[in-house]
Amino acid sequence: MKVKQYYKTMSYRWKIMVSYFMLILVPLLLVSVYIYQNSVHAIQQQSQTLFRDDISRKRSQLEQRLNEYENTGRQIAANTMLTNFFNSNPDSDIERFTDYALRISQVMDWIKNLEPANASVRFFTGNTRIFETEMVHYVADVRQQPWFAQAQTAGYAQPVWEPLHDVRSFQYTPSSQRGKTGQEISMFIPMVGTGSVGEEGTLVEIHVHIQDMFNIFGNGEGESGFLVISDADEIVQTNLEMDAAMRDYFAGGSWRDDATGIIQIGSGSYYLAHADINRLHSTIVTVYPAQEALSKMNRAGFLSIGATLAGLALMALLSLALSKTLVRKIDGLLDVMRSVQQGNMDVEAKVEGGDEIDELAADFNRMIRHIRELIDTVYKFSILQKDALFQSLQNQINPHFLYNTIETIRMMAETKKEREISDAMEAFGGMMRYNMSSQHEFVPIRAEMEQISAYCSLNNLMLNDKLELIVHMDKHVENACIPKLLIQPLVENSITHGFDQLQSRLRIWVDAKVNDAIIDICVRDNGVGIAQDYLQGLTYWLEHDDAPPPKVQGNGIGLKNVHQRIRLKYGKDFGMTIISVLGEGTTVHLKLPYIKRGMEDIR
């Protein structure tokens, strides 16, 4: 309220400045917010796109490495020299040694050239007639191991991957490698043409240390890097520097429920994306601090704020310059108005151009000239006003004099036993009181009908009882309110214009009914009717104020008065309709809204 009151007391110049300021401020702020939001959204989208591309690239690199291991395994498993060696049946140790020296040692050098990413190869064979070495082991020694049962299901086209296990040592493992700590990943594939694994067949194992498997992703930078997490929520490998909150978050498995995007871990915000590595039964997860992206967003916000402030400063200068230009004319017009207020009616405002302020000044000048003309006639109007007041008082006295005179005549007729004259004077007195009373603007239909009955009784004195009034009125419409003297002019028209002196009897029917909150009052007679050309002119005149009145069969003033009163009070949906046939009679319908007595303002 205080702001509103202050604005009202503010000068027009400042109102223009404030309005202009606000007019530009709102769009400017909206544009700034829009630019800021779009910048933030673009940065977020760009960061998320880069991050998704990064996880896709890492997954592709890892899948490519796994494919390299499988291809290498297939080359080894299909090597003819190795197949012949594992199917050989030497008779003596010398033959076994010779076969190994001539065959397997050459192949082993070939295998080392095939190994990708420092992978190592082992063979598990059921042929116990060949030497067991650091690379060749008997199936009997590992048959009961849990991992070997799964490894036996491997096929040449579908190798089996053992995702994560401790480094294994065997009898002929070099002492330098025994007890080696850490974890590795293994892939198993059967040798082609060596029989069933576990009997005479041979199983090839390519195993690689976990660090060598994922060294393609490089080293992490602080909180930015990757994790490999097994399906059992064990962190297989990571290059992240993780605090306790981050380690608990990933080790607990809750990261699987978070959608790719910005997540909250402890007190930090991070971009998170992950991709499944089905062959390793694990998932690779990339983590990237959102702080860098947020700093870009903040820079975008600062730029938006700076642009907004600069725009506001420029806007303030423009508002000041514009207000001075606009207010100069207003100040001149205000000076002229103040001079007129002090009584100087000979001044006029200066009109310099054709804008709205100049139009206002021109209108003000015309008003001043008109006031000067009006001042010259004020005295005449004051005299006429006094005469009108006197006439009004006289008109209020005359009805009482008339009522008293009528009542005196009625009493004289009553005394002389002139019953017919007495009844006529009583009806005439009631009619005069009804017509001349200004107490009520609206009356019940019942009262209007009583007035019409009295009016018809008086007319029968002149018509020698040739007039018959027939009234039909719904019981629930009796107390409906209508404007006073609305039906009487219609009955009067029927008597004045519808009665033929040669006619034996004039009948007038007045029906009133209500339907769907609409009152229909019908006044019908059996009089002479109306010619069609005149009826068309009369109807047109009722609907058009500027049309000339008809020149025959009366001027229709009473009808137009009734029609216009209905229209002015209730609107264009209500009014009068006239139907007439020459020689058969006339019917007039009045359409009014249904208003119960007591609901209308009766004055």
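Worth saying up front: this structure is predicted, and the values here are computed from it rather than measured.

Criteria and cut-off values
- Residues numbered from 1 in each chain as written.
- Predicted model: local features only at pLDDT ≥ 70, side-chain atom pairs only at ≥ 80, totals over all residues.
- Heavy atoms only, no water.
- Axes fitted to C-alpha atoms, helices over the stretch in contact; angles between N-to-C directions.
- Helix = DSSP H or I, 4+ residues; strand = E, 2+ residues; numbered from the N terminus.
- Parallel < 35°, antiparallel > 145°, perpendicular 65-115°, else oblique.
- Left-handed = near helix turned anticlockwise from the far one by under 90°.
- Contact = heavy atoms within 4.5 Å.
- Nonpolar A, V, L, I, M, F, W, Y, C, P; charged D, E, K, R; others polar.
- Buried < 20%, exposed > 50% of the residue type's maximum accessible area, 1.4 Å probe, protein only.
- Pairing = 2+ DSSP bridges.
- pLDDT = per-residue confidence, 0-100.
- Polar contact = N/O pair within 3.5 Å; in protein donor to acceptor, adjacent residues only side chain to side chain.
- Phe/Tyr/Trp six-rings, centres within 6.5 Å; stacked < 30°, edge-to-face > 60°.
- Expected span 1.5 Å × (residues − 1).

**Q** Please set out the packing of helix 11 (residues 445–463) against helix 12 (residues 488–498) residue by residue, giving values where relevant.
**A** Axis separation between helix 11 and helix 12 bottoms out at 10 Å; the angle between their running directions is 20°. What the angle tells us is that helix 11 and helix 12 run roughly parallel. In this structure, helix 11 crosses over helix 12, and the sense of that crossing is right-handed. In this structure, helix 11 contributes Glu-448, Gln-451, Ile-452, Tyr-455, Cys-456, Asn-459 and Leu-463 to the contact, and helix 12 contributes Gln-488, Val-491, Glu-492 and Ile-495. Looking at the contact of helix 11 with helix 12, its residues break down into six nonpolar, three polar and two charged.

**Q** Can you explain unusual backbone geometry? Please cite residues and give values.
**A** In the Ramachandran plot, His-281 falls in the positive-phi region, its phi being about 50° despite a non-glycine side chain. Judged by relative accessible area, His-281 falls into the partly exposed class, the value being 42%. Even without being glycine, Ala-517 reaches a positive phi, approximately 60°. The exposure class assigned to Ala-517 is partly exposed, which follows from its relative accessible area of 47%.

**Q** Hey, could you go over the sheet that holds strand 12 (residues 467–473) for me, with residue numbers and the actual values?
**A** One open sheet holds the five strands; their spatial order is 12-14-15-17-16, and the pairing between them is mixed. Of all the strands in the sheet, just strand 12 and strand 16 (575–581) have a single pairing partner and so form its edges. Direction aside, the axes of adjacent strands within the sheet are offset by 15° on average. Sheet analysis places strand 12 next to strand 14 (residues 506–515), joined by seven bridges and oriented parallel. Looking at strand 14, one finds that Met-473 is bridged to Ala-512.

**Q** Hey, could you go over the sheet that holds strand 1 (residues 120–125) for me, with residue numbers and the actual values?
**A** With mixed pairing, the five strands of this open sheet are ordered in space as 2-1-5-4-3. For this open sheet the edge positions go to strand 2 (136–138) and strand 3 (160–166), each flanked by a neighbour on one side alone. Mean inter-strand twist for the sheet, computed between neighbouring axes without regard to direction, equals 30°. Examined bridge by bridge, strand 3 and strand 4 (residues 183–190) share five bridges and lie antiparallel to one another. Within strand 4, the position partnered with Trp-161 by the bridge is Met-187.

**Q** Explain the pairing of strand 7 (residues 235–238) to me, and be specific about the residues and the numbers.
**A** Regular strands place side chains that alternate from one sheet face to the opposite one. Taken together, the three bridges between strand 6 (residues 225–230) and strand 7 define a ladder with antiparallel strand orientation. Counterpart to Ile-229 in the pairing with strand 7 is Ile-235. Linking strand 6 to strand 7, which pair antiparallel, is a turn of four residues; within it Asp-233 sits at a positive phi near 60°.

**Q** Can you explain the confidence of the model for the protein chain? Please cite residues and give values.
**A** Of all residues in the protein chain, 68% attain a pLDDT of 70 or more, and the chain-wide mean is 76. Across the protein chain, element-level confidence peaks in strand 15 (residues 518–525) with a mean pLDDT of 94 and bottoms out in helix 9 (residues 356–415) with 59. Low confidence marks residues 379–398, where pLDDT is under 50. Its contacts with residues over four positions away, or in another chain, come to zero contacts. Taken together, the stretch residues 599–603 has pLDDT below 50 and engages in 12 contacts with residues farther than four places along the chain or on a different chain.

**Q** Any details on the environment of Leu-463? Residues and values, ideally.
**A** Tracing the sequence through the fold places Leu-463 in helix 11. In sequence terms Leu-463 and Arg-505 are 42 residues apart; their C-alpha atoms lie 9.4 Å from each other. Apart from residues lying up to four places away in sequence, Leu-463 is in contact with Ile-495 and Phe-499.

**Q** Describe the pairing of strand 14, and please don't skip the residues or the numbers.
**A** Here strand 14 pairs with strand 15 via eight bridges, running antiparallel. Bridge pairing links Asp-511 to Cys-522 in strand 15. Connecting strand 14 to the antiparallel partner strand 15 that follows it, the hairpin turn spans two residues, and Asp-516 within it adopts a positive phi of roughly 55°.

**Q** Mind laying out the side chain of Asn-460, listing which residues take part and the relevant values?
**A** Mapped onto the secondary structure, Asn-460 falls in helix 11. Classification of Asn-460 by relative accessible area gives buried; the value is 16%. At 3.0 Å, the side chain of Asn-460 forms a polar contact with the backbone nitrogen of Leu-467. Excluding residues that lie within four positions of it along the chain, Asn-460 makes contacts with Asp-465, Lys-466 and Leu-467.

**Q** Give a detailed account of the packing of aromatic side chains, specifying residues and quantitative values.
**A** Scanning the model with the defined rule gives 11 aromatic pairs in all. On the basis of an interplanar angle of 85° and a centroid distance of 5.8 Å, the ring pair of Trp-147 and Phe-148 is categorised as edge-to-face. Relative to Phe-188, the ring of Trp-147 lies with its centre 5.6 Å away and its plane at 15°, an arrangement referred to as stacked. Here Phe-188 lies in strand 4 and Trp-147 lies in helix 5 (residues 146–151), a separation of 41 residues in the sequence. Each of the two residues, Trp-147 as well as Phe-188, counts as buried.

**Q** Can you explain helix 11? Please cite residues and give values.
**A** Over its 19 residues, helix 11 extends 26 Å from the first C-alpha to the last, a length consistent with the 27 Å expected when each residue adds 1.5 Å. Following helix 11 by one or two positions, Asn-464 adopts a phi angle in the positive range, close to 55°.

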